[in-house]
Amino acid sequence: MFAIGFLLLFCLSFCENYNMRVAGNSDIRNVYTFFITFSGAVISLIIFLLLSYYNSTILDVYNKNIGIIYDPRFQITIMLEMFGIWLARKNHKVNKNNITAINFSLFFSLALVPVFAFLGDSFFGFENTLQIGYESNLEFVLFVSFMTLLTILYFMDKLNSEIKNKYLLILFPIILSGTMFLSGKLMQTYDSFFTAFLITFSVSIFYFLLSLYKREFNALNKSHKKSLIIICSSWMIALPMNTIAVKILAIEFVTLLKRMAQLIVGIILDKKYNKSKKIKLKDKIIIFFIIFIGFLVYYYRT
């Protein structure tokens, strides 16, 4: 499951990086975001209907999961998703010259998501979801400390004057970690694809209205057709992979594997767009230890 989860999230990360770069640098970024999220809603709904028809009846599955709409945890998630997408686009616009720096901020979710899960499972009522079975509070503290230390060691020689807005990089992991925790736990509590549909559809409606308000649809023309087809089709492939990964892994491991995938994607794209140097031996060792520690915790505590 650990390896399968990584492959799924690598595909997701590549599409996510590309889509946020395209949307963030576009003059009709809200239109792009609407189409990205709406395409995710469409494919999630299709898969939900197909699986419901195969496993039971659509009405039965619907009745079991419709309560999520009235769940305050769902409503908080929607607000965080909207703000998180705005932050992601803003980062790719303001700090677009350094994708690795953006991924540095994301990497702090390696420590933040376990904290959210450790403290928030009981507070938010997620006791019946997938969890890491820490044998003591010390194990939890050591895991979070190692993830934080390795993150700082990896990026300490990469943070320089090229970062144009450090405040965006600080806020980004906090919001994204909260979003990952809540959305992942909701997918493990309710039907995963139905939850993904509701979240992405709700976000798409917001950006549709925002596009209308800013009259961005008036600027939509044939030159945008190719990029829209690429980002929508890629997202319809990538989003279900995230949903599957969340369903089979505890949210802490989803975060770890996703950040590893984003790091590799960031290195690839930095090399392509910014002509960055090859990855250092020090960085390879740190990446190995992050994956190794994550695998040990997965193997012995799940």
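This one's a predicted model, so the numbers in the text were calculated from it and none came from an experiment.

This part covers the overall build of the chain. The helix and strand tally for the chain stands at 12 helices and 0 strands. Looking at the 302 residues of the chain, the share that counts as buried comes to 51%. The contacts in the chain between residues at least 6 apart in sequence include a share of 90% that link residues at least 24 apart. Entry remark: accessible area of the chain is about 14800 Å², with carbon and sulfur atoms responsible for 69%.

What follows deals with the nonpolar core. The biggest cluster of nonpolar side chains holds 86 residues, and the ones touching the most others in it are Met147, Phe253, Leu256 and Ile290. Those residues in contact with isoleucine 290, other than ones at most four positions away along the chain, are Phe107, Leu110, Met147, Leu150, Leu256 and Met260.

A contiguous nonpolar surface patch, about 950 Å² in accessible area, is contributed by Leu281, Ile285, Phe288, Phe289, Phe292, Phe295, Leu296, Tyr299 and Tyr300. Locating phenylalanine 288 in the fold gives a position in helix H12 (residues 281-301). Under the relative-accessibility criterion, phenylalanine 288 is labelled partly exposed at 48%.

On to the packing of helix H8 (residues 166-189) against helix H9 (residues 192-213), then. Two elements in contact, H8 and H9, have axes separated by 7 Å at closest approach and are oriented at 140°. By the angle class used here, H8 and H9 are oblique. Here the hand of the crossing between H8 and H9 comes out right-handed. The segment H8 lies against H9, with Ser183, Leu186 and Met187 engaging Ser192, Thr195, Ala196 and Ile199. Within the contact of H8 with H9, the residues separate by chemical class into 4 nonpolar, 3 polar and no charged.

Turning our eyes to something else, we now look at the environment of arginine 89. By secondary structure assignment, the location of arginine 89 is in helix H4 (residues 72-94). When its relative accessible area of 4% is taken as the criterion, arginine 89 is described as buried. Put simply, arginine 89 and isoleucine 244 are 155 residues apart on the chain and 25 Å apart in space, counted from C-alpha to C-alpha. Setting aside residues no more than four positions away along its own chain, arginine 89 makes contact with Met20, Ala23, Gly24, Arg29, Asn30, Thr33 and Tyr207.

This brings us to the side chain of threonine 37. Tracing the backbone through its elements, the reader meets threonine 37 in helix H2 (residues 29-55). Judged by relative accessible area, threonine 37 falls into the buried class, the value being 7%. Setting aside residues no more than four positions away along its own chain, threonine 37 makes contact with Ile85, Thr200, Val203 and Ser204.

Attention shifts here to the pattern of salt bridges. Overall, the coordinates contain 6 salt bridges when judged by the stated rule. Of the charged contacts, one joins aspartate 283 and lysine 282 as a salt bridge, the two residues approaching to 3.0 Å between their closest N and O atoms. Residue aspartate 283 is classed as buried on the basis of its relative accessible area, which comes to 3%. Residue lysine 282 is classed as partly exposed on the basis of its relative accessible area of 32%. The network of salt bridges with shared partners includes Glu135, Glu139 and Arg301.

All right, on to unusual backbone geometry then. At arginine 215, a residue that is not glycine, the phi angle is positive and equals roughly 55°. Note on placement: arginine 215 falls in the loop between H9 and helix H10 (225-248).

For phenylalanine 295, the location among the structural elements is in helix H12. Residue classification places phenylalanine 295 among the partly exposed positions, given a relative accessible area of 38%. Along the backbone, phenylalanine 295 and isoleucine 76 are 219 residues apart, and their C-alpha atoms lie at a distance of 31 Å.

Here we come to the confidence of the model for the chain. Averaged over every residue, the pLDDT of the chain is 86; the share at 70 or more is 92%. When the elements of the chain are averaged for pLDDT, helix H5 (residues 99-107) gives the smallest value, 71, and H9 the largest, 94.

With that out of the way, let us pick up H10. In an α-helix, one full turn covers 3.6 residues, which means residues spaced three or four apart are oriented alike. For H10, spanning 24 residues, the distance from its first C-alpha to its last is 36 Å, which sits close to the expected 34 Å at 1.5 Å a residue. Maximal helix bending in H10 amounts to about 30°, located at methionine 236; proline proline 240 follows within four positions.

A full pass over the atoms with the stated rule returns 28 aromatic pairs. With a centroid separation of 5.6 Å and an interplanar angle of 25°, the aromatic rings of phenylalanine 197 and phenylalanine 201 are classed as stacked. Placement of both phenylalanine 197 and phenylalanine 201 in helix H9 is noted, with a separation of 4 residues, approximately one turn of the helix. The class of phenylalanine 197 is buried, set by a relative accessible area of 14%. Members of the aromatic cluster, each reached through a chain of ring pairs, are Phe2, Phe253, Phe295, Tyr298, Tyr299 and Tyr300. One residue, lysine 282, lies across the ring of tyrosine 154, its end atom 6.0 Å from the ring centre.

Definitions and limits used
- Residues numbered from 1 in each chain as written.
- Predicted model: local features only at pLDDT ≥ 70, side-chain atom pairs only at ≥ 80, totals over all residues.
- Heavy atoms only, no water.
- Helix = DSSP H or I, 4+ residues; strand = E, 2+ residues; numbered from the N terminus.
- Buried < 20%, exposed > 50% of the residue type's maximum accessible area, 1.4 Å probe, protein only.
- Contact = heavy atoms within 4.5 Å.
- Areas by Shrake-Rupley, 256 points an atom, 1.4 Å probe, with all protein chains shown as cover.
- Core = buried A, V, L, I, M, F, W, Y, C linked by side-chain atoms within 4.5 Å.
- Patch = residues over 30% accessible without salt bridge, like charges linked within 9 Å, V, L, I, M, F, W, Y side chains within 5 Å.
- Salt bridge = Lys/Arg side-chain N within 4 Å of Asp/Glu carboxyl O.
- Axes fitted to C-alpha atoms, helices over the stretch in contact; angles between N-to-C directions.
- Parallel < 35°, antiparallel > 145°, perpendicular 65-115°, else oblique.
- Left-handed = near helix turned anticlockwise from the far one by under 90°.
- Nonpolar A, V, L, I, M, F, W, Y, C, P; charged D, E, K, R; others polar.
- pLDDT = per-residue confidence, 0-100.
- Expected span 1.5 Å × (residues − 1).
- Bend = angle between axes of the 7 residues up to and from the residue.
- Phe/Tyr/Trp six-rings, centres within 6.5 Å; stacked < 30°, edge-to-face > 60°.
- Lys NZ or Arg CZ within 6 Å of the ring centre and 35° of its normal.

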